[in-house]
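As a plain string of letters, each chain reads:
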Amino acid sequence: MPSVQQFETLRLELLRGGVTPVFIERTLLELREHLADLEAAALETGLGPEDAARSALERLGSPQTIAAAVLAQPALLGFSHRWPRASAYLRCAVLIAAL
């Protein structure tokens, strides 16, 4: 079974990459479900619990590979990461208007 640390590392990498928290939670939920399915399939083939967990993790992929695949989808990024200039201009406009 994957450690909480592994998914936490992935969560932090996605947050740093600019993915919106809603998509991060959805991605992690889907990964947990997919991992459970892979582990169940490995158990059905006759592997022991530890070997099934290891096999499922190998098939799922590393957190870095998963993060790279998610970060390659611009639609999952937050506004300020998709349009950094527009975001900066809006921040400046709001600050000027607040004066």
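Everything that follows concerns the structure shown earlier in this document.
Given the structure is predicted, the values throughout are model-derived calculations rather than measurements.

## A word on the overall build of the protein chain
Helices and strands together make up the secondary structure of the protein chain, namely six helices and zero strands. Each helix (α) and strand (β) of the protein chain, taken in turn from the N terminus, gives the series α-α-α-α-α-α. Rg of the C-alpha trace for the protein chain: 19 Å, well past the compact-globule value of 13 Å for 99 residues, more than 25% over. For the protein chain, the C-alpha atoms occupy an extent of roughly 70 × 20 × 15 Å along the three principal directions. Expressed as a percentage of its 99 residues, the buried residues of the protein chain come to 28%. Counting only carbon and sulfur atoms, one obtains 63% of the accessible surface of the protein chain, whose full area is about 6,800 Å². The positive charge centre, built from 9 side chains, and the negative charge centre, built from 11, are 15 Å apart in the protein chain.

## Looking at helix 2 (residues 21–44)
Counted at 1.5 Å a residue, the expected span for helix 2 with its 24 residues is 34 Å, and the 35 Å between its end C-alpha atoms agrees. When we look at burial in helix 2, the residues that qualify are Ile24, Thr27, Leu28, Leu31, Leu35, Leu38, Glu39 and Ala42. Taken from the residues just after helix 2, glycine 46 is the one with a positive phi, measuring 105°.

So, how was this worked out
- Residues numbered from 1 in each chain as written.
- Predicted model: local features only at pLDDT ≥ 70, side-chain atom pairs only at ≥ 80, totals over all residues.
- Heavy atoms only, no water.
- Helix = DSSP H or I, 4+ residues; strand = E, 2+ residues; numbered from the N terminus.
- Rg over C-alpha atoms; globule rule 2.2 N^0.38 Å.
- Buried < 20%, exposed > 50% of the residue type's maximum accessible area, 1.4 Å probe, protein only.
- Areas by Shrake-Rupley, 256 points an atom, 1.4 Å probe, with all protein chains shown as cover.
- Lys, Arg positive; Asp, Glu negative; His and termini not counted.
- Charge placed at Lys NZ, Arg CZ, Asp CG, Glu CD.
- Expected span 1.5 Å × (residues − 1).

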